[in-house]
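# Results of the structural survey
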Amino acid sequence: MKNQIIELARQAISIKSTADNVENLKKIIVLFTEPFHDTAIFDVTHFMNNGKPSALIKPKLKEPKIWFNAHLDVVPGRDILFNPVIKNNKLFGRGALDMKTAAASLTLLTKHLIKSGHVVGLMLVTDEEILGYMGGYSVAYSIITSYQPGNIQTPPYWYFPFYYTTPNVHDFLQGVPLEDSKLSMNFSGNSNKMLLFS
């Protein structure tokens, strides 16, 4: 699997998936959802939020309680940074560390786990670098609407990265108040009622 991860990461790095290039954001979503083309096993949902594409992958007819999360967008850089290079067994290029190689690992891991019968999901977003957890908000909205179909006016889930809330993971898992606001939206809740994304 290591060679597959490296190859997928190399292909991803060569795509200039910056916020201003919507066509390349769509292209990289296609690249990362292609491994899940078998519709008898996988359920892939594509959606757009503020003009940015995202995708949810899960087992067919099953609802995961564990979701992996990866963003595929990168900050701008010189064109040479989008030419991946392997040197001294290390992969270099824009997004190699943050987070296209990790996204490749999570993609292939998710495929393996689902094919092995595990009920996990993968969220792929392309607006993390510009909006942070607002990208996760739209993904969370998609998850809650898939769990509770219907007309939901205020989705009850937000995405809270640990570094926005509390550095103490033990306390976070036991339950801490979560309050935040962004643009015109306000959220108040507790971490003991959550889906944990890794």
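Residues numbered from 1 in each chain as written. Predicted model: local features only at pLDDT ≥ 70, side-chain atom pairs only at ≥ 80, totals over all residues. Heavy atoms only, no water.

### A look at the packing of helix α1 (residues 2–13) against helix α3 (residues 96–115)
Axis angle and axis distance: for two packed helices, these are the angle between their axes and the distance between the axes, and together they describe the pair. Operational definition: Fitted lines through C-alpha atoms give the axes, limited to the stretch in contact for helices. The angle between two N-to-C directions lies from 0 to 180 degrees. Helix and strand definitions follow DSSP, with helices as H or I runs of at least four residues and strands as E runs of at least two, each counted in order from the N terminus. Each angle gets one of four labels, with under 35 degrees taken as roughly parallel, over 145 as roughly antiparallel, 65 to 115 as roughly perpendicular, and the rest as oblique. The handedness criterion is simple: a crossing whose near helix is rotated anticlockwise from the far helix by less than a right angle is left-handed, and one whose near helix is rotated clockwise is right-handed. Between two residues, a contact is recorded if the distance between any of their heavy atoms is within 4.5 Å. Three residue categories are used. Nonpolar comprises Ala, Val, Leu, Ile, Met, Phe, Trp, Tyr, Cys and Pro, charged comprises Asp, Glu, Lys and Arg, and polar comprises the others, including Gly.
Contact geometry of α1 with α3 gives a least axis separation of 9 Å together with a crossing angle of 135°. One way to sum up the angle between α1 and α3 is to call them oblique. In the packing of α1 onto α3, the handedness of the crossing is right-handed. Counted together, Gln4, Ile5, Leu8, Ala9, Ala12 and Ile13 of α1 and Ala96, Lys100, Thr101, Ala104, Ser105, Thr107 and Leu108 of α3 form the full contact between these two elements. Here the residues of the contact of α1 with α3 sort into eight nonpolar, four polar and one charged.

### Observations concerning the sheet that holds strand β2 (residues 52–59)
In a beta sheet, neighbouring strands are held together by backbone hydrogen bonds and run either parallel or antiparallel to one another. Counted only if it meets this: Strand pairing is assigned whenever DSSP identifies at least 2 bridges connecting the two strands.
If you walk across this open sheet you meet the four strands as β1-β2-β6-β3, and the pairing is mixed. Each edge of the open sheet carries a strand with a single partner, namely β1 (42–49) and β3 (66–71). Ignoring which end each strand starts from, the neighbouring axes of this sheet average 15° apart. The pairing of β2 with strand β6 (residues 120–125) spans three bridges and is classified as antiparallel. If you follow isoleucine 57 over to β6, its bridge partner there is leucine 122. Seen against the sheet, helix α2 (residues 22–33) touches β1, β2 and β6 and runs at an angle of roughly 10° to β2. Relative to β3, α3 is tilted by about 150°, and along the sheet it contacts β1, β2, β3 and β6.

### Points about the nonpolar core
Which entries qualify depends on this criterion: We call a set of buried Ala, Val, Leu, Ile, Met, Phe, Trp, Tyr and Cys residues a nonpolar core when their side-chain atoms join them within 4.5 Å. Buried means the residue's accessible area, taken with a 1.4 Å probe over protein chains only, is under 20% of the maximum for its type, while exposed means over 50%, and partly exposed covers the values in between.
Phe32, Leu72, Leu122 and Leu124 are the most contacted members of the largest nonpolar core, which totals 26 residues. With seven residues, the top contributor of residues to this core is α3. When residues no more than four places from it in sequence are discounted, the contact partners of leucine 124 are Ile29, Phe32, Thr33, Ser54, Ala55, Ile57, Ala70, Leu72 and Thr107.

### Observations concerning the confidence of the model for the chain
To be explicit about the condition: pLDDT gives the predictor's per-residue confidence on a scale running from 0 to 100.
Taken as a whole, the chain shows an average pLDDT of 80; of its residues, 68% reach a score of 70 or greater. Taken as a whole, residues 144–156 scores under 50 in pLDDT and shows 14 contacts with residues more than four places along the chain or in a different chain.

### Re α2
We count it as follows: What a helix is expected to span follows from its residue count: subtract one and scale by 1.5 Å.
The end-to-end C-alpha separation of α2 is 17 Å, in line with the 16 Å expected for twelve residues at 1.5 Å each. The set of residues buried in α2 consists of Asn24, Leu25, Ile28, Ile29, Leu31, Phe32 and Thr33. As for α2, its buried residues are in contact with α1, β1, β2, α3 and β6.

### Regarding the pattern of salt bridges
The condition that has to hold: Salt bridge criterion: a side-chain nitrogen from Lys or Arg within 4 Å of a carboxyl oxygen from Asp or Glu.
Inspection of every chain in the model, using the stated rule, returns five salt bridges. For the salt bridge of arginine 10 with glutamate 7, the shortest nitrogen-to-oxygen distance reads 3.1 Å. Here glutamate 7 and arginine 10 lie together in helix α1, a separation of three residues that amounts to about one turn. Its relative accessible area of 32% is what places arginine 10 among the partly exposed residues. The closest approach of N and O atoms between aspartate 79 and lysine 16, which form a salt bridge, is 2.8 Å. With a gap of 63 residues between them, aspartate 79 in the loop between β3 and β4 (85–87) and lysine 16 in the loop between α1 and α2 connect regions that are remote in the sequence. Take lysine 16: its relative accessible area is 28%, and that puts it in the partly exposed class. Linked by salt bridges that have partners in common, Asp43, Lys58 and Glu63 make up one network.

### Overview of the side chain of threonine 110
Let me state the cut-off plainly: Pairs of N or O atoms are called polar contacts if they sit within 3.5 Å, as long as, within protein, a hydrogen donor faces a hydrogen acceptor (for residues adjacent in sequence, only side-chain-to-side-chain pairs).
Within the secondary structure, threonine 110 sits in helix α3. On the basis of relative accessibility, which here comes to 0%, the residue threonine 110 falls in the buried class. One polar contact links the side chain of threonine 110 to the main-chain carbonyl oxygen of leucine 106, over a distance of 2.7 Å. Setting aside anything within four residues of it in sequence, one finds threonine 110 in contact with Phe36, Phe68, Val120, Gly121 and Leu122.

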